[in-house]
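Take a look at the letters that make up each chain.
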Amino acid sequence: MDKHYDLIILGGGCAGLSLALRLAELGKQSPKTLIIEKRPAYSNDRTWCFWDEGNPALKDWADHIWSSFKVQFGDNQLVKNCRQNPYVMISAQTFYARAIQNITANSQSFTFNNDESVLAVIKQASQTWRITTNMGVYTANHIVDTRPASQINDDMSLLWQSFIGFEIEVSPDLFDAQQFTLMDIDKNFKNGLGFTYVLPVTPNRALIEYTVFCEQAMSASSLQPYLEVALSKYTKHAEYKVLRKECGQLPMGNKTVKKSDDPSYIFAGLYAGAARPSSGYAFQRIQSWANVCAHSWAEHQSFIPAPKDAALTAIVDDIFLHVLKSNPAVAATLFFSFFSKAKLISTIRFLSDHATITDLGSIILSMPTVLFLKSLPSYVKKRISISLYASLSKSTK
Ligand SMILES: Cc1cc2nc3c(=O)[nH]c(=O)nc-3n(C[C@H](O)[C@H](O)[C@H](O)COP(=O)(O)OP(=O)(O)OC[C@H]3O[C@@H](n4cnc5c(N)ncnc54)[C@H](O)[C@@H]3O)c2cc1C
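Residues numbered from 1 in each chain as written. Predicted model: local features only at pLDDT ≥ 70, side-chain atom pairs only at ≥ 80, totals over all residues. Heavy atoms only, no water.

Visitor: Even after reading the chapter, I still don't get the site of the ligand, so can you show me in this structure?
Guide: The full set close to the ligand counts 28 residues, and Ala15, Glu37, Arg39, Cys49 and Ala282 are the nearest of them. For the ligand, an oxygen atom lies 2.8 Å from a polar atom in the side chain of Arg46. Within the backbone of Ala282, one N or O atom sits 2.7 Å away from an oxygen atom of the ligand. Relative to its unbound accessible area of 970 Å², the ligand is 90% covered by the protein chains. (Near = heavy atom within 4 Å. Polar contact = N/O pair within 3.5 Å; in protein donor to acceptor, adjacent residues only side chain to side chain. Areas by Shrake-Rupley, 256 points an atom, 1.4 Å probe, with all protein chains shown as cover.)

Visitor: I'm lost on the packing of helix α7 (residues 344–351) against helix α8 (residues 357–366) in this one. Help?
Guide: Each pair of packed helices can be described by the angle between their axes along with the distance between the axes. α8 packs onto α7 with a crossing angle of 105 degrees between their chain directions and a minimal axis gap of 9 Å. Viewed along their axes, α7 and α8 adopt a mutual orientation that is roughly perpendicular. Facing Ser346, Arg349 and Phe350 of α7, the residues of α8 in contact are Asp359, Leu360, Ser362 and Ile363. Each residue belonging to the contact of α7 with α8 can be placed in one class, and the counts come to three nonpolar, two polar and two charged. (Axes fitted to C-alpha atoms, helices over the stretch in contact; angles between N-to-C directions. Helix = DSSP H or I, 4+ residues; strand = E, 2+ residues; numbered from the N terminus. Parallel < 35°, antiparallel > 145°, perpendicular 65-115°, else oblique. Contact = heavy atoms within 4.5 Å. Nonpolar A, V, L, I, M, F, W, Y, C, P; charged D, E, K, R; others polar.)

Visitor: Hey, could you run me through the packing of aromatic side chains in this one?
Guide: By convention here, two paired aromatic rings are described through the distance between centres and the angle between planes. In total, this model carries 31 aromatic pairs according to the counting rule given. A connected cluster of aromatic rings, assembled from ring pairs, spans Trp51, Trp66, Phe69, Tyr87, Phe180, Phe195, Phe213, Phe320, Phe335, Phe338, Phe339 and Phe350. Directly above the ring of Phe73 sits Lys187, whose terminal nitrogen or CZ lies 5.2 Å from the centroid. (Phe/Tyr/Trp six-rings, centres within 6.5 Å; stacked < 30°, edge-to-face > 60°. Lys NZ or Arg CZ within 6 Å of the ring centre and 35° of its normal.)

Visitor: Please clarify how the pattern of salt bridges should be interpreted in this entry.
Guide: A side chain with one charge can pair with a side chain of the opposite charge if their charged atoms come near. Per the counting criterion, the structure on display carries 17 salt bridges. Of the charged contacts in the structure, one is a salt bridge between Glu167 and Arg244, with a shortest N-O distance of 2.8 Å. Highlighted residues: Glu167 in strand β12 (residues 157–170) and Arg244 in strand β16 (residues 240–254), separated in sequence by 77 residues. Looking at Arg244, the relative accessible area reads 11%, which means it is buried. Here Glu246 ties to Arg244 by a salt bridge, and the two come within 3.1 Å at their closest N and O atoms. For the pair Glu246 and Arg244, one class covers both residues: buried. By sharing partners, the salt bridges in this structure join Arg276, Arg285, Asp309, Asp317 and Asp353 into a single network. (Salt bridge = Lys/Arg side-chain N within 4 Å of Asp/Glu carboxyl O. Buried < 20%, exposed > 50% of the residue type's maximum accessible area, 1.4 Å probe, protein only.)

Visitor: Just to check I follow, could you spell out the sheet that holds β16 for this structure?
Guide: Read from one edge of the open sheet, seven strands run β6-β5-β13-β14-β15-β12-β16, paired in mixed fashion. A strand with exactly one partner marks an edge of an open sheet, and here the two such strands are β6 (76–81) and β16. Sheet twist, expressed as the mean angle between neighbouring strand axes with direction ignored, is 15 degrees. (Pairing = 2+ DSSP bridges.)

Visitor: Hey, could you run me through unusual backbone geometry in this one?
Guide: Excluding glycine, residues mostly carry a negative phi; peptide bonds, for their part, are mostly trans. Phi at Gln127 takes a positive value of approximately 75 degrees, unusual for a residue other than glycine. Considering the arrangement of structural elements, one finds Gln127 in the loop between β9 (118–123) and β10 (129–133). Even without being glycine, Lys236 reaches a positive phi, approximately 50 degrees. Structurally, Lys236 is set in the loop between α3 (220–235) and β16.

Visitor: In this structure, what is going on with the sheet that holds strand β3 (residues 47–51)? I would like to understand it.
Guide: Two modes of strand pairing occur in sheets, parallel and antiparallel, and in both the strands are linked by backbone hydrogen bonds. One open sheet holds the three strands; their spatial order is β3-β7-β4, and the pairing between them is antiparallel. The open sheet has two edge strands with one neighbour each: β3 and β4 (64–66). The sheet shows a mean angle of 20 degrees between the axes of neighbouring strands, direction not considered. Both β4 and strand β7 (residues 87–91) contribute to a ladder of three bridges, which runs antiparallel.

Visitor: Quick question: what am I supposed to make of the pairing of β10 here?
Guide: Remember that side chains alternate between the two faces of the sheet whenever the strand is regular. Every second residue of β10 is oriented toward a common face, the buried set being Trp129, Ile131 and Thr133 and the non-buried set Arg130 and Thr132. Bridge count for β9 against β10 is five bridges, and the pairing is antiparallel. Bridge pairing in β10 links Ala120 to Thr132. Following β9, the chain reverses through five residues before pairing antiparallel with β10; Gln127 in that reversal takes a positive phi of roughly 75 degrees. Where β10 and strand β11 (residues 137–145) come together, four bridges link them in antiparallel fashion. Looking at β11, one finds that Trp129 is bridged to Ala140. In this structure, the hairpin formed by β10 and β11 is closed by a connection of three residues.

Below, the structure is given as structure tokens:
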């Protein structure tokens, strides 16, 4: 069997399959590709949500959409109608199944090796890559590495988004399947921002998640007590059946983004900076990268990493995270102001990576001024010390 490929994708999760999906659309032009995935089988392990703004990829794969949402902070409640730009959910089981079906229907060039772990990758004298797994050895001209960090530590990201969610079923009809809760802010959580996120899909079935934004990544078991309180509230103490569980720890502002100096080896996915720093949203950013990366193959026979965020968006995100980090106690006020004062379309475009300068202005003006002015000196100080450190290390090289 020929074990040499144009491309080997390490990790067949969201980024790996998204790239393969776009490459397969090239038909005969698609590279001979091997996808090596550690998991023996895919499961319904997550739900991907995004706003239907700017014609997002794969929105026709939606399992559910919502036309309004709530943000709750103590007795204050905002209800926003988002019919113009609904919130879209694709379940992992839909994504994995449809991606694999489309890839195999569009092209013969793809091989999927599940239940196989990449152990080592080295560049050979012939300039090709040699990949060793627990099952064998392969070679390739190009590598796209989407494997997550093997271990996470708090220093890897400015903040972490940690969450645990149960998809539950209750007998009474308790939920409005047209409306989701984006944030029900927990006033009792002091070590950052804690909130409940509720995605009802029928009147008696919903995914209820407890999420925390804070400096330390939190384990699912440490978050479970908070989730239990949220479950009691949203089920009104009725009995419920747990259909499925999901959890995660997403970097918000990677301090070290995986990068490679060799154009034939690129990193992609969460630890290559796919998650938006201020929100942790990554699905649509991965789709955009997969699209441009496949075009790059079609036009130049090369693969490219995701582009950096636009400068102004990166600055607003950075300030946003800095305020969250330096003033965790007021983070709730910050978020509530964001949703109550900024224009809804500006908020949605900001969260979807499409903010215009006017949107960014509307968002900055929505922030509590005192809070912002207070955090600016330490933000500027931090930026200056980072620039000084960078120029000093350059001059000592
Ligand atoms: C529960 C959950 C819900 C989320 N919800 C949203 C959301 O609503 N909206 C949004 O925008 N983002 C969301 N995200 C964030 C982001 O979209 C996902 O984390 C996404 O899956 C990231 O894609 P990825 O390819 O980087 O990582 P993954 O999808 O995790 O893929 C990495 C793959 O590499 C494989 N792998 C690891 N090590 C090896 C190895 N040694 N050899 C071979 N394979 C290996 C893994 O098994 C995995 O399949 C969510 C994340 C989680 C965890």
